[in-house]
Structures are given as C-alpha cells and as structure tokens.
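In case you want the letters, here they are:
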Amino acid sequence: RDTKEWTKLISAHARVGDRRHAFGILDEMRQAGCEPDVFSYSILINMCARSKDWKTAVSLLREMPNAGVQPNVISYNATISACEKA
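This is a predicted model, so every value here is computed, not measured. (Residues numbered from 1 in each chain as written. Predicted model: local features only at pLDDT ≥ 70, side-chain atom pairs only at ≥ 80, totals over all residues. Heavy atoms only, no water.)

A. Spatial organisation of the overall build of the protein chain. For the protein chain, the count of helices and strands is 5 helices and 0 strands. When the helices and strands of the protein chain are read in sequence order from the N terminus, they spell out α-α-α-α-α. In terms of overall dimensions, the protein chain is globule-like: its C-alpha atoms have a radius of gyration of 12 Å, near the 12 Å expected for 86 residues. For the protein chain, buried positions account for 40% of its 86 residues. The contacts in the protein chain between residues at least 6 apart in sequence include a share of 58% that link residues at least 24 apart. For the protein chain, the accessible surface area stands at approximately 5,100 Å², while carbon and sulfur atoms represent 52% of it. Where the 12 positive side-chain charges of the protein chain centre and where its 10 negative ones centre are 7 Å apart. (Helix = DSSP H or I, 4+ residues; strand = E, 2+ residues; numbered from the N terminus. Rg over C-alpha atoms; globule rule 2.2 N^0.38 Å. Buried < 20%, exposed > 50% of the residue type's maximum accessible area, 1.4 Å probe, protein only. Contact = heavy atoms within 4.5 Å. Areas by Shrake-Rupley, 256 points an atom, 1.4 Å probe, with all protein chains shown as cover. Lys, Arg positive; Asp, Glu negative; His and termini not counted. Charge placed at Lys NZ, Arg CZ, Asp CG, Glu CD.)

Below, the structure is given as structure tokens:
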C-alpha cells in the first residue's frame, strides 16, 4: 500500500468517527514503512476537531514538522477549530 491508500482507510474510519481504528491504521501505516502525509494528518486533526479533542489535534499538528510534513492551511484551520470547540 502507498500513502494514498492508507490515507483513504484512515479517512473512511474518521468519517464515521471511529477514532480507535483511524489511529490504529496510522500505526499500521508506520509499521509498514509508509509515512503519513499532510492529508493523513489533516484528516485525523479534523476528526479530533469534530470530537472536541483539541489536545490530540494540537499534538498531531506539532508532530507534523518532526515527521517531515509541512502543515497547510487545512491543518492549521482544523486545529484552530478543535481549540474553539474545547
């Protein structure tokens, strides 16, 4: 699987609010040697915003540069949204 395929799986679980499986797929993705991209992270951050989990959203945003992923306007807006809903 490539990053795009992993991200589609994360998105499917995130769409229905299945946090456990969405983050589980992120872990599987990394174990398979595939690193998440800005879309993978943004999907997870959006899911956190919807569930009012600002701490995880901020943690994911902070993790991105360390993983070599440049946050984009979607990542930042989703994180801000999570903080607003807290």
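That shown, we press on.
B. Main features of helix α1 (residues 3-15). The terminal C-alpha atoms of α1, which comprises 13 residues, lie 18 Å apart, in line with the 18 Å expected from a rise of 1.5 Å per residue. When α1 is considered as a whole, its buried residues turn out to be Thr-3, Trp-6, Thr-7, Ile-10, Ser-11 and Ala-14. For α1, the buried positions fall inside an angular range of 140 degrees around the axis, keeping them on one side. Of the exposed residues in α1, those oriented more than 90 degrees away from the buried face are Lys-8 and Arg-15. Packed against the buried residues of α1 are α2 (19-31) and α3 (38-50). Phi turns positive one or two residues past the end of α1, at Gly-17, with a value near 75 degrees. (Expected span 1.5 Å × (residues − 1). Arc of directions from axis to C-beta.)

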